[in-house]
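Examination of the molecular architecture
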Amino acid sequence: SSESRRASDFRRQDDRENRVFPVRNAIIPGGYERFKKGSKTMSVYETGKWGLGDLFSGIEADDFKNALKEVDDRVKEIEGWRGRLDDSTTNAAFRELLGKIEAMETLVMRIYSFVNLMFTADSQDQKIIAMVGRIDALLAEIQNKTVFMSLWWKNLPGGVAADHLAALPEYR
């Protein structure tokens, strides 16, 4: 049977027919003989630093700052619904609000993921540590500012809530 070991563990396995030997996150079939220095049959793959450029350019970059501003704008827009929600809220209006919340949450999760991946890559960078704290505070602030929707939903008469759910099967 195969067994994973740390790269510093150079012992052979007992299973002589299916010996494996790990080197820098790779399992090398054939055991120690294939690992010997100078072997032409072995490849060692170095793991490099991951790129987060598909999410944002950096925590001080304009695209990241613009995304934070966009989240703030979206939260303010959602807050504007506070006085508009009641038992007579239409399915169309409810769908519109859910769409706005979904778009805001998608952006927030992109920001959150980016910052936490940056922290994972370098947990000693003080700017990243500060940004993790800032994003955690932002999440708490968003929750506080949008809790009105959960409270409205919980206080809806059962028939009204059921009508909304029936009209919005994509959100069930």
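Residues numbered from 1 in each chain as written. Predicted model: local features only at pLDDT ≥ 70, side-chain atom pairs only at ≥ 80, totals over all residues. Heavy atoms only, no water.

1. Quick word on the nonpolar core
How we decide: In this description, a nonpolar core means a group of buried Ala, Val, Leu, Ile, Met, Phe, Trp, Tyr and Cys residues linked to one another through side-chain atoms lying within 4.5 Å. Accessibility here uses a 1.4 Å probe with only protein chains present; expressed as a share of the type maximum, an area under 20% marks a residue as buried, one over 50% as exposed, and anything in between as partly exposed. Helix numbering and strand numbering both begin at the N terminus, where a helix is a DSSP run of H or I of at least 4 residues and a strand a DSSP run of E of at least 2. By definition in these notes, contact holds between two residues if any of their heavy atoms fall within 4.5 Å.
Phe64, Val71, Ile111, Phe114 and Met149 are the most contacted members of the largest nonpolar core, which has 35 residues in total. Elements that contribute at least two residues to this core include exactly helix H2 (62-79), helix H3 (91-121) and helix H4 (126-155). In terms of residues, this core owes the most to one element, H3, which gives 12 residues. Ignoring anything within four residues of it in the chain, the contact list for Phe114 reads Leu52, Leu55, Phe56, Gly58, Ile59 and Phe64.

2. Some thoughts on the environment of Ala67
Here Ala67 is to be found in helix H2. By relative accessible area, which is 4% here, Ala67 ends up buried. Contacts of Ala67, omitting those with residues within four sequence positions, involve Phe56, Leu107 and Ile111.

3. Remarks on the packing of H2 against H4
Working note: a packed helix pair is described by the angle between its axes plus the distance between those axes. To be explicit about the condition: Only the stretch in contact is used when a helix axis is fitted, and all axes are lines through C-alpha atoms; the angle between N-to-C directions ranges over 0 to 180 degrees. Throughout, the term roughly parallel applies to angles under 35 degrees, roughly antiparallel to angles over 145, roughly perpendicular to angles from 65 to 115, and oblique to all others. The crossing is said to be left-handed when, going from far helix to near helix, the turn is anticlockwise and less than a right angle, and right-handed when the turn is clockwise. Here the term charged refers only to Asp, Glu, Lys and Arg, the term nonpolar to Ala, Val, Leu, Ile, Met, Phe, Trp, Tyr, Cys and Pro, and the term polar to all other amino acids, Gly among them.
The geometry of H2 relative to H4 is characterised by a closest axis approach of 9 Å and an angle of 15° between their N-to-C directions. When the axes of H2 and H4 are compared, the pair comes out roughly parallel. When you trace H2 past H4, the crossing you get is left-handed. Between H2 and H4, the contacting residues are Phe64, Leu68, Val71, Val75, Ile78 and Glu79 on the first element and Met131, Arg134, Ile135, Leu138, Ile142, Lys145, Thr146 and Phe148 on the second. By residue class, the composition of the contact of H2 with H4 is 10 nonpolar, 1 polar and 3 charged.

4. Some words on the packing of aromatic side chains
For the record, the criterion: The criterion for an aromatic pair is that two Phe, Tyr or Trp rings (for Trp, the six-membered ring) have centres within 6.5 Å, with stacked assigned to planes under 30 degrees apart, edge-to-face to planes over 60 apart and tilted to the rest. We call a charge positioned above a ring when the Lys NZ or Arg CZ atom is no farther than 6 Å from the ring centre and deviates by at most 35 degrees from the ring normal.
Inspection of every chain in the model, using the stated rule, returns 6 aromatic pairs. On the basis of an interplanar angle of 70° and a centroid distance of 5.3 Å, the ring pair of Phe56 and Phe114 is categorised as edge-to-face. Placement of Phe56 in the loop between helix H1 (32-35) and H2 and of Phe114 in helix H3 is noted, with a sequence separation of 58 residues between them. One exposure class covers both Phe56 and Phe114, and it is buried. Following the ring pairs from residue to residue traces out a cluster consisting of Phe56, Phe64 and Phe114. Directly above the aromatic system of Trp81 lies the positively charged group of Arg84, at a separation of 3.7 Å from the ring centroid. In this structure, Arg110 packs its charged tip against the face of Phe56, placed 4.1 Å from the ring centre.

5. Quick look at the layout of surface pockets
Rule in force here: In this analysis a 1.4 Å probe is tested at points of a 1 Å grid over the protein atoms alone, and where it fits but cannot get out there is a cavity; an open set with protein on both sides within 12 Å along at least five of seven lines is a pocket; lining residues have an atom within 4 Å of a point. Grid points are joined across faces, edges and corners, and a volume is the space filled by probe spheres set on the points.
As a volume, the largest pocket reaches approximately 270 Å³. Lining the largest pocket are Ile101, Met104, Glu105, Val108, Met109, Leu139, Ile142, Gln143, Thr146, Val147, Met149 and Ser150. Counting residues per element, the ones that place at least two in the lining of the largest pocket are H3 and H4. A per-element tally of the lining of the largest pocket places H4 first, with 7 residues. Residue composition of the lining of the largest pocket, by class: 8 nonpolar, 3 polar and 1 charged.

6. So, empty space enclosed by the protein
Enumeration over the complete set of coordinates arrives at 1 cavity of 30 Å³ or more. Lining the largest cavity are Val71, Asp72, Val75, Leu138, Glu141, Ile142 and Lys145. When residues of the lining of the largest cavity are traced back to their parent elements, those giving at least two are H2 and H4. Of the residues belonging to the lining of the largest cavity, the class tally is 4 nonpolar, no polar and 3 charged.

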